[in-house]
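If you want the building blocks of each chain, they are given just below.
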Amino acid sequence: MGWGNTITRRLKVFSMALLIYFDYKAVQKRVQWVSTTKKSATWTKTHERNARRVLNLMIELEGLWVKMGQYLSTRADVLPEPYINVLKQLQDSLPPRPLDEVRGTIEKELGKPMSDVFADFVLDPLATASIAQVHRATLADGREVVVKIQHDGIKEIILEDLKNAKSLIEWIAWAEPQYNFNPMIDEWCKEAPKELDFNHEAENTRTVSRNLSRKTDCGSGSISSAVDVLIPEVIQSTDKVLILEYMDGIRLNDNDSLEAYGVDKQKLVEEITRAYAHQIYIDGFFNGDPHPGNFLVSKEPPHKPILLDFGLTKRISKSMTQALAKMFLSCAEGDHVALLSAFAEMGLKLRVDMPQQAMDIATIFFRQSTTASEAKENIKALNDQRERNVKALQEKMKLNKKEVQKFNPVDAFPGDAIIFMRVLNLLRGLSASLNVKIVYLDIMRPFAESTLLGSLTHGQIPNSQWIYDSPANSDVESKLRNYLLELRSDKILGIQVCAYKDGKVIIDTAAGMLGKYDPRPVQPDSLFPVFSVTKGITAGMVHWLVNKGKLKYEETVANIWPNFGTNTKELIKVHHLLNHTSGLHNALGDVVKSDPMLVCDWEETLNQIAKCTPETEPGSAQIYHYLSFGWLCGGVIEHASGKKFQEVLEEAIVRPLHIEGELYIGIPPGVESRLAALTVDTEELQKLSGIRAGADVPPELLNNVAQMASGVPVLFNTLNVRRAIIPAANGHCSARALARYYAALATGGSIPPPHSADSKPPLGSHVHTPKFPTAPLKKKKGTGKKKCVSSTGNLQDASNSDKNGYSQLRTSDADDEAAARSGSRIFSSDKILDAFMGVGEYESMVHPNGKFGLGFRRYSNSSGTLRFFGHSGMGGSTGFCDVENNFAMAVTVNKMSLGSVTRGVVRLVLEELGLPVPDEFSTSGEKGPDMVLNLAPPEQQS
């Protein structure tokens, strides 16, 4: 292509773009002053006028522009009807290329005269498309074939058109920032040239054919013995010529023939959709160009789809396949945590934390398709939703109308996801053009589930991969790993185990997967929800404030928290809260039961619990404060310190122990990709009917326990709950962070040496509160400052960045941090261990013979001597320490059970070390009331 032709093509493209742009801008101003009826007619004429302009230019330029027009002509679900009616002409054949050009290409590519190759060659082409022309022919051996011949010089034209398209898209993004399609055109520029190599297309065709004909077995049963489609066999290929088996079929735009042959168009499009779901989720290798011209329908019943043209075929990695499947299922389930995790896994980075809006936008791609007749309503609905999202973004970021138009909430968009979304859009356009409705969530779901559940099939993942690859710290750890492998398929989904002995790490093992629908491996820095293990962390914060002189154990709560001193609570003291003897064991229980999401509102729960009335006299009975413990202690922590709850957590525990990014009570935005998802061991759940509990467990906690156990994972997997401050139940941590915490407590607060260097990534290497990428906005005059995005702490109220207490580090905090790390203790009192366990001078503050000290569960050895303390949580996670032997251990699990896995792990480790086993984890000892799912009858606690 000469320079003159190149410049001419570019000028035509940009002059047409400017003409259409100013036409729409002029009409946009003009229709403000006309009636609704005239406004509609004016817009219709404008669309028709500009659609014809686009069509004429595309036919004139051919090449890439025809392909783009074909794509646009299938988008009846989003484009105005006049564009569809005009541009669908591009789905018909273009003017044929001269026969001499066709003959010259064939003979040059095949290296022999056409007469030596073909017994018959039909001169009139079956179709002429943007890149090639297709003829029917008969080989010398009698086989019926089609011959695809690339247009002479088309490669140079396509490459030049891509440059022009890129420049055009950049100009549009500059003129109208809300329409930034740069990531899409970048991916197209990378993939489109592959269509020019017919050897590449031939191999793609063979691969897709093999993939779709094989049986798909995912461990949970076959979802398909074979997708019911046809693909022509490849006979021969060169760089510019492709010879395929001839298949007699009906074109999808030939509605009269489809009707005459009795083709079920609904079934047809559903089968095409299934074929693409298989390619994307099962194979990770899919055709990126499913426009109507790339399909035929066989004339013989049952009228199977015939898939053609695999030039633009995309291969994606296993991790991207899993991320796309996870994104699909998160939209189907409305799971914000999984969606944000999927975004992170696929490399999609956001500049703003707006989970609900992200869900709304992602769900658009999987929504039910609409017929062409419903296109107008669909476009209106999409525009309305877009306006709502823009308004929410404007409020969230505090932008004016001009600024919000220039703000792009996406910081990075992966190319693989762009092709994936293009395919979904083309499939939607295909269904609209055939006037059928497709429920993508129903059709594609089995395939998406397959790619995730398939990773859980027994025996699929080698033992060496199931255990996270890190060197064993001791012989005990090697034996532990062998034990975990024995349990892996039946009892463990994901698990972390970490132990310290004499201040050194002797175990740091991670194994299994992050969730039922998340086959990524558990790593040492994965974050597990640990339920009531959180109480031990919250108790440590109260003790830290006492040690700092901010409050006293014997002080009345009302003295610290004035609003608390109502409804006969005036005599409740701090030690009553820590010892579960305040009488408020059921506080807010009924309210939370009727409105579970109340737990997400920190301020409101504090206000309401301050108004509650105790059921027993303070100190008269130790009854487990299953949820109220956290709000009661949390209110004391905030009022005594004058700081936000999370600020105290960071200052008292996280920063001194150097466990940033691995211990939270209420997660911040940006850590979702490291979260383990909860599920339930259904076999163990059936044993709950045999639970027996003592007087120290509230009867209300045992009501409908099986229903509660099955519902808890659903609730605690939600983003709202994970981000909420629930200091009794929603801690998220790694086992190594939790073990380090208890290793410090075991010595009365001495900070252990740095964690093992073999543990990757290093403990404390994460940013504790991730920040979103700065949004490049125009500087305001006189300030020289850019607006940037801050993180949020609440899904419903994303505008308040400090709602849950996450904020920038103050100078004084930085000084405190430096002081803490330069010292060697987080507690200065030499009697702090007695306080934890409620012995010595603190014995009068705890209920006689009660299971709890001041905030911690006390464990005895086989002789009945108190020597351990810690806290377990519902489902099996635990953290504890042995003071006498300077030993600390933590176990985190995401498959909730009656605790048998945890007990087995703890017993094995302690017995191998020759250390006593706490009664909580022994085969016959008395179990604490930490949470209901750990309260199995003795015969079930082996």
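Residues numbered from 1 in each chain as written. Predicted model: local features only at pLDDT ≥ 70, side-chain atom pairs only at ≥ 80, totals over all residues. Heavy atoms only, no water.

*Asks:* Can you help me understand the overall build of the protein chain in this one?
*Replies:* On a plain count of helices and strands, the protein chain comes out with 35 helices and 27 strands. Surface accessibility of the protein chain: about 38,100 Å² in total, with carbon and sulfur atoms responsible for 51%. (Helix = DSSP H or I, 4+ residues; strand = E, 2+ residues; numbered from the N terminus. Areas by Shrake-Rupley, 256 points an atom, 1.4 Å probe, with all protein chains shown as cover.)

*Asks:* What is the right way to look at the packing of helix α11 (residues 265–283) against helix α18 (residues 440–453) in this model?
*Replies:* For any two helices packed against each other, the geometry comes down to the angle between their axes and how far apart the axes lie. Closest axis-to-axis distance for the α11/α18 pair is 9 Å, and the angle between their directions is 25°. When the axis of α11 is compared with that of α18, the two are roughly parallel. Here the hand of the crossing between α11 and α18 comes out right-handed. Listed contacts from α18 to E270, T273, R274, A277, H278, Y281 and I282 of α11 are Y440, I443, M444, F447, A448, S450 and T451. Here the contact of α11 with α18 is composed, by residue class, of eight nonpolar, four polar and two charged. (Axes fitted to C-alpha atoms, helices over the stretch in contact; angles between N-to-C directions. Parallel < 35°, antiparallel > 145°, perpendicular 65-115°, else oblique. Left-handed = near helix turned anticlockwise from the far one by under 90°. Contact = heavy atoms within 4.5 Å. Nonpolar A, V, L, I, M, F, W, Y, C, P; charged D, E, K, R; others polar.)

*Asks:* When you look at the side chain of S330 in this model, what are you seeing that I'm missing?
*Replies:* Inspection of the secondary structure assignment puts S330 in helix α12 (residues 318–333). Classification of S330 by relative accessible area gives buried; the value is 1%. Once residues within four sequence positions are removed from consideration, S330 is found in contact with D335, A338, L339 and M359. (Buried < 20%, exposed > 50% of the residue type's maximum accessible area, 1.4 Å probe, protein only.)

*Asks:* Looking at this structure, how should I read helix α5 (residues 99–110)?
*Replies:* Residue pairs three or four apart in sequence face the same way in an α-helix, which turns once every 3.6 residues. Taking 1.5 Å per residue, twelve residues should reach 16 Å; α5 reaches 16 Å between its end C-alpha atoms and fits that length. Residues of α5 that are buried sit in contact with α6 (114–117), β1 (118–121), β3 (132–139), β4 (144–150), β7 (234–237) and β8 (241–245). G111 sits one or two positions beyond α5 and adopts a positive phi of about 75°. (Expected span 1.5 Å × (residues − 1).)

*Asks:* For this particular structure, what's the right way to read the pattern of salt bridges?
*Replies:* Two side chains of opposite charge can pair, provided their charged atoms sit close to one another. Evaluation of the coordinates by the stated rule reveals 34 salt bridges. One salt bridge in this structure joins E203 and R206, with 3.5 Å as the shortest N-O distance. In this pair, E203 and R206 are both assigned in helix α9 (residues 198–213), three residues apart and thus about one turn of the helix distant. On the accessibility criterion, R206 (32% relative accessible area) is partly exposed. K326 is the salt-bridge partner of E345, the closest N and O atoms lying 2.7 Å from each other. Here E345, found in helix α13 (residues 336–346), pairs with K326, found in helix α12; they are 19 residues apart in sequence, far enough to count as distant. (Salt bridge = Lys/Arg side-chain N within 4 Å of Asp/Glu carboxyl O.)

*Asks:* I keep staring at the sheet that holds strand β9 (residues 249–251) and nothing clicks. Help me out?
*Replies:* With respect to topology, three strands assemble into an open sheet ordered β9-β11-β12, the strand pairing being antiparallel. For this open sheet the edge positions go to β9 and β12 (305–307), each flanked by a neighbour on one side alone. Shown here is a sheet whose adjacent strand axes are inclined to one another by a mean of 40°, direction ignored. Taken together, the three bridges between β9 and strand β11 (residues 295–298) define a ladder with antiparallel strand orientation. Bridged to I250 within β11 is V297. (Pairing = 2+ DSSP bridges.)

*Asks:* Can you walk me through unusual backbone geometry in this structure?
*Replies:* In most cases, non-glycine residues show a negative phi, while peptide bonds are predominantly trans. Of note, the amide linkage connecting P301 to P302 takes the cis form, showing an omega dihedral of 10°. Relative to the elements of secondary structure, P302 occurs in the loop between β11 and β12. Look at the link from K760 to P761: it is a cis peptide, with omega at -5°. Along the chain, the position of P761 falls in the loop between α32 (735–746) and α33 (811–822). Backbone geometry places H303, a non-glycine residue, at a positive phi of 55°. When you line up the elements, H303 lands in the loop between β11 and β12. Phi is positive for N435, close to 60°, though the residue is something other than glycine. Judged by relative accessible area, which is 45%, N435 ranks as partly exposed.

*Asks:* What's the story with the packing of aromatic side chains in this structure? I'm lost.
*Replies:* For any pair of aromatic rings, geometry is given as the distance between the ring centres together with the angle between the planes. In this structure the tally under the stated criterion is 22 aromatic pairs. Ring geometry for Y553 against Y842: centres 5.6 Å apart, planes inclined by 85°, an arrangement best described as edge-to-face. Taken together, the residues Y553 in the loop between α21 (533–547) and α22 (557–560) and Y842 in the loop between α34 (832–837) and β23 (857–860) connect sequence positions 289 residues apart. In terms of burial, Y553 and Y842 fall into one category: buried. Ring centres 5.7 Å apart and planes at 10° place the aromatic pair Y624 and F852 in the stacked group. One end of the pair, Y624, is in the loop between α25 (602–609) and α26 (628–641); the other, F852, is in the loop between α34 and β23, and 228 residues separate them in sequence. On the basis of relative accessibility, which here comes to 1%, the residue Y624 falls in the buried class. Counting every residue linked through ring pairs, the aromatic cluster contains Y741, Y742, F827, F836, F856 and F869. (Phe/Tyr/Trp six-rings, centres within 6.5 Å; stacked < 30°, edge-to-face > 60°.)

*Asks:* Explanation requested: the confidence of the model for the protein chain in the structure shown.
*Replies:* Reading fine detail from the predicted coordinates is not recommended where pLDDT is low. Of the residues in the protein chain, 82% reach a pLDDT of 70 or more, and the chain-wide mean stands at 83. Per-residue pLDDT stays below 50 along residues 928–942; that stretch engages in 70 contacts with residues further than four places along the chain or on separate chains. (pLDDT = per-residue confidence, 0-100.)

*Asks:* How should I be thinking about the environment of E554 in this particular structure?
*Replies:* Of note, E554 is situated in the loop between α21 and α22. Its relative accessible area of 53% is what places E554 among the exposed residues.

*Asks:* Explanation requested: the pairing of strand β25 (residues 878–882) in the structure shown.
*Replies:* Each regular strand shows side chains that alternate between the opposite faces of the sheet. Along β25, five of the five residues are buried, which leaves the element largely enclosed by surrounding structure. Residues T878, F880 and D882 point to one face of β25 and G879 and C881 to the other, with burial holding for every one of them. The pairing of strand β24 (residues 866–872) with β25 spans five bridges and is antiparallel. Bridge pairing links H871 to G879 in β25. Linking β24 to β25, which pair antiparallel, is a turn of five residues; within it G875 sits at a positive phi near 100°. As paired elements, β25 and strand β26 (residues 887–893) share five bridges and run antiparallel to each other.

*Asks:* Would you explain the sheet that holds strand β19 (residues 528–529) in this entry?
*Replies:* Sheet strands pair via backbone hydrogen bonds, and the direction of the pair is either parallel or antiparallel. Taken in spatial order, the three strands line up as β19-β22-β20 in an open sheet, and their pairing is antiparallel. The sheet is open, and its two borders are formed by β19 and β20 (663–665), each paired with just one other strand. Bridge count for β20 against strand β22 (residues 731–733) is three bridges, and the pairing is antiparallel. Pairing of Y664 across the sheet is with H732, part of β22.

*Asks:* I would appreciate a short explanation of the nonpolar core in the present structure.
*Replies:* What tends to happen in soluble globular proteins is that the nonpolar side chains get buried as a cluster. Counting residues in each nonpolar core, the largest one holds 100 residues, and the members touching the most others are Y553, L578, W631, I653, Y741 and Y742. Per-element tally for this core: the top contributor is α32, with ten residues. Listed in part, the 66 residues of the second largest apolar core include F285, I316, L348 and M444. (Core = buried A, V, L, I, M, F, W, Y, C linked by side-chain atoms within 4.5 Å.)

*Asks:* Any chance you could explain the environment of I495 here in plain terms?
*Replies:* Following the sequence through the fold, I495 ends up in strand β16 (residues 494–501). Between the C-alpha atom of I495 and that of V891, which follows or precedes it by 396 residues, the distance is 7.2 Å. In this view, I495 contacts L484, T509, A510, A511, V522, F528, V891, T892, V893, V901 and V905; residues no more than four positions away in its chain are not counted.

*Asks:* Would you mind going over α26 with me for this structure?
*Replies:* Look at α26: 20 Å from first C-alpha to last across 14 residues, which is about the 20 Å you get at 1.5 Å a residue. Once α26 finishes, G642 follows within two positions and takes phi at roughly 75°, a positive value.

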